[in-house]
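Understanding the architecture of this molecule
Here is how the chains run, residue by residue.
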Amino acid sequence: MSTVGSERTVEDTEAVQQEILNFLESRTRTTWEPDTDLFKDGGQSSLFAMELVVHLEKSFDVSIRGADLRLDNFRTVTVMTALVTRLRQAAGSQDG
Amino acid sequence: MADDLARALARIESAVGDRAEGWDLAGLIPQPLLRELGAEGLLCAQLPQRFGGLGMSSLQNGELTAGTGALCSSLRSVQTSQGMAGWTIARFGLPDQERAWLPGLTSGQLAAVAFSEPGAGSDLSAMSTTVRADGDRLVLDGRKKWITAARYADLLVVFGRYEDGAAAVVVPTDTPGVRIRPIADPLGCRAAGHCDIELDGVRVPAGNLLGGAALPLPLLVTTALSYGRMSVAWGCVGILRACLRAAAGHAARREQFGRPIGEHQLVAGHLADLLVAERTATRICEHASRCWDSGSAEQVVATVLAKQVSAEQAARAAATAVQVLASAGASDGTVVARAYRDAKLMEIIEGSSELCRLLLAEHVLASYGREER
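Quantities reported herein were computed from a predicted structural model and do not represent experimental measurements.

1. Here we look at the overall build of chain A
In terms of regular secondary structure, chain A is built from three helices and zero strands. Traced from its N-terminal end to its C-terminal end, chain A shows the element sequence α-α-α. A buried classification covers 34% of the 96 residues belonging to chain A. Considering only residue pairs separated by 6 or more positions, chain A has 64% of its internal contacts joining residues 24 or more positions apart.

As structure tokens, this is what we get:
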């Protein structure tokens with residue numbers, strides 16, 4: 001399957017968080033707080049979780065697999081930021 | 001890569017030849033031929049080359065799928081199932097699992113994906129098939145309904161409930177407890193190998209659990225179906241192209257009232273409608289495939305949109321084509337009669353038109369309903 005590597009380099013956790021907030025804002029046309037539960041109020045579509053997975057993989061050049069695909073990892077911007085940071089660190093240590 | 005696509009299309013054309021009507025009437029495609037095509041990577045052409053696939057982009061695979069669908073929707077359905085199995089394993093499988101199964105799918109092994117059940121069609125949250133751990137084994141119990149290509153399959157990717165979520169499990173069809181029963185006389189895609197499946201105490205190694213963990217059912221289903229929807233949408237483009245060609249040829253040759261019927265304005269209107277339908281579906285599929293190829297998150301919604309539009313266009317256009325050919329297209333053994341039956345199924349499988357519209361409506365509300373003024 002075609003996976004295009006990210007051309008963007010997001011340097012730190014704060015930038016990761018801001019990128020995710022920007023995506024959510026453009027996707028939902030409203031602003032979000034980092035700790036708002038995206039799924040709790042039922043406002044998102046059934047397709048939304050997959051959109052988040054695809055967006056995170058593309059934007060941060062990470063691969064989200066196995067147990068990392070549990071919904072709790074996508075519930076808030078803060079936990080998505082932590083997931084991306086962990087996966088990037090793990091990928092970096094493997095490369096190194 | 002353009003040469004690869006041209007070669008792949010030529011090979012499919014050669015494999016089908018003039019046999020599509022016979023396969024349709026017999027309800028069967030010769031399994032050795034399917035294995036040959038699979039071993040050439042033509043049934044899951046989007047798989048990376050490191051697994052023996054052709055490494056096609058979504059757009060290229062889409063054109064291959066449309067080319068197949070224009071000739072034989074049953075073969076295209078087998079292609080969709082094999083591709084969806086490959087995509088599900090590649091998407092959810094761990095590296096060892098990819099290496100264990102994906103090369104087989106490009107070496108002649110055939111696969112099908114088992115979602116729907118007697119009580120779980122559009123509402124897959126009602127799925128009742130269970131997967132439970134028992135030592136180093138998984139045990140599966142349940143019933144699956146209308147599983148495309150299962151008649152030919154060596155492997156099934158079975159979806160079921162597992163722990164507090166769901167799971168996709170690879171199950172060889174020769175495992176004790178697996179019973180596969182072909183569905184007699186389906187309306188369309190008659191040679192696609194649709195089957196009902198019984199799973200009774202089916203035991204497979206724990207390592208067959210894709211991803212090695214329970215996953216959220218909506219994410220699992222949406223992701224796996226996404227490939228199937230894209231493939232069906234492109235298959236509908238193929239049906240549209242076949243209908244357009246058949247109707248145009250007949251309208252140019254058949255004369256009534258002293259001139260070709262295509263020169264009568266009401267029939268000419270049908271031809272214009274067929275072109276609009278084919279171009280509309282092609283463009284919307286191209287857009288969705290480009291979203292896949294660029295890794296855009298828009299691919300998720302664009303795929304549902306492509307499936308919805310293409311399936312409805314194909315069903316409507318196939319009826320139009322039969323109308324243009326009239327008695328020349330109103331019996332088994334004709335391209336448009338087969339297209340008419342096949343296209344109707346496209347509005348039902350991989351998410352009915354009604355379900356796709358619900359998903360699109362949810363998307364509208366989520367995208368625009370909160371808009372700050």
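2. Considerations on the overall build of chain B
When its secondary structure is counted, chain B shows 11 helices and nine strands. In summary, chain B has a C-alpha radius of gyration of 21 Å against a globular reference of 21 Å for 373 residues, a match within 12%. Each of the 373 residues in chain B was classed as buried or not, and the buried ones make up 55%. Restricting the contact set of chain B to residue pairs at least 6 apart, pairs at least 24 apart contribute 75%.

3. What to know about the packing of helix α7 (residues 217–253) of chain B against helix α9 (residues 299–325) of chain B
All names here are of chain B. It is the contact of α7 with α9, at a shortest axis distance of 8 Å, that shows an interaxial angle of 25 degrees. The angle between α7 and α9 places the two elements in the roughly parallel class. With respect to the hand of their crossing, α7 and α9 are arranged in left-handed fashion.

4. A look at the interface of chain A and chain B
Between chain A and chain B, the contact holds 26 residues from the first and 36 residues from the second. Those elements that place two or more of their residues in the side of chain A that touches chain B are α1 (13–28) and α2 (48–60) of chain A. Per-element accounting of the side of chain A that touches chain B gives the leading share, seven residues, to α2 of chain A. A breakdown of the residues in the side of chain A that touches chain B according to their chemical character gives 10 nonpolar, 10 polar and six charged.

5. Side note on unusual backbone geometry
Residues and elements named next belong to chain B. Of note, F257 is a non-glycine position whose phi angle comes to about 55 degrees, a positive value. Within the secondary structure, F257 is located in the loop between β8 (255–256) and β9 (259–260). Under the C-beta neighbour-count criterion, F257 is labelled exposed, with 8 such atoms within 10 Å.

6. Brief notes about the environment of D164 of chain B
Looking at where D164 of chain B falls in the secondary structure, it is placed in the loop between β4 (155–162) and β5 (165–172). Sequence separation between D164 of chain B and I183 of chain B is 19 residues, and the spatial gap between their C-alpha atoms is 33 Å.

7. Some remarks on helix α8 (residues 265–294) of chain B
Residues and elements named next belong to chain B. Its 30 residues place the ends of α8 43 Å apart at the C-alpha level, agreeing with the 44 Å of an ideal helix rising 1.5 Å per residue. Of all the residues in α8, the buried ones are L274, A277, E278, A281, T282, I284, C285, A288, S289, C291, W292 and D293. As for α8, its buried residues are in contact with α4 (58–71), α7 and α9.

8. What about the nonpolar core?
Residue and element names in this part refer to chain B. Among the nonpolar cores identified, the biggest contains 147 residues, and V169, C243, A314, A318, A321 and V336 are the most heavily contacted of them. A total of 20 residues in this core trace back to one element, the largest contributor, which is α7. In contact with A318, other than residues within four places in its own chain, are I239, C243, V336, A339, Y340 and A343.

9. Section: the confidence of the model for chain A
Residues and elements named next belong to chain A. Residues with a pLDDT of 70 or more make up 82% of chain A, whose mean pLDDT is 83. Per-element confidence in chain A is highest for α2, whose mean pLDDT is 93, and lowest for helix α3 (residues 77–95), whose mean pLDDT is 88. Contacts of residues 1–8 to residues separated by more than four positions or lying in other chains number 17 contacts, the stretch itself having pLDDT below 50.

10. Brief notes about the environment of S45 of chain A
With respect to the helices, strands and loops of the structure, S45 of chain A is situated in the loop between α1 and α2. Note on S45 of chain A: 23 C-beta atoms within 10 Å, which makes it buried. Setting aside residues up to four positions removed in sequence, S45 of chain A forms contacts with L359, E362, H363 and A366 of chain B.

11. Overview of helix α5 (residues 73–92) of chain B
The terminal C-alpha atoms of α5 of chain B, which comprises 20 residues, lie 28 Å apart, in line with the 28 Å expected from a rise of 1.5 Å per residue. In terms of residue burial, α5 of chain B counts as a mostly covered element, since 20 of its 20 residues are buried.

12. With respect to the environment of V16 of chain A
Mapped onto the fold, V16 of chain A is located in helix α1. Each C-alpha atom, one on V16 of chain A and one on D68 of chain A, is 18 Å from the other, the two residues being 52 residues apart in sequence.

The rules behind these values
- Residues numbered from 1 in each chain as written.
- Chains lettered and ligands numbered in written order.
- Predicted model: local features only at pLDDT ≥ 70, side-chain atom pairs only at ≥ 80, totals over all residues.
- Helix = DSSP H or I, 4+ residues; strand = E, 2+ residues; numbered from the N terminus.
- Buried ≥ 20, exposed ≤ 12 C-beta atoms within 10 Å, placed from the backbone.
- Contact = placed C-beta atoms within 7 Å.
- Rg over C-alpha atoms; globule rule 2.2 N^0.38 Å.
- Axes fitted to C-alpha atoms, helices over the stretch in contact; angles between N-to-C directions.
- Parallel < 35°, antiparallel > 145°, perpendicular 65-115°, else oblique.
- Left-handed = near helix turned anticlockwise from the far one by under 90°.
- Nonpolar A, V, L, I, M, F, W, Y, C, P; charged D, E, K, R; others polar.
- Expected span 1.5 Å × (residues − 1).
- Core = buried A, V, L, I, M, F, W, Y, C linked by C-beta atoms within 7 Å.
- pLDDT = per-residue confidence, 0-100.

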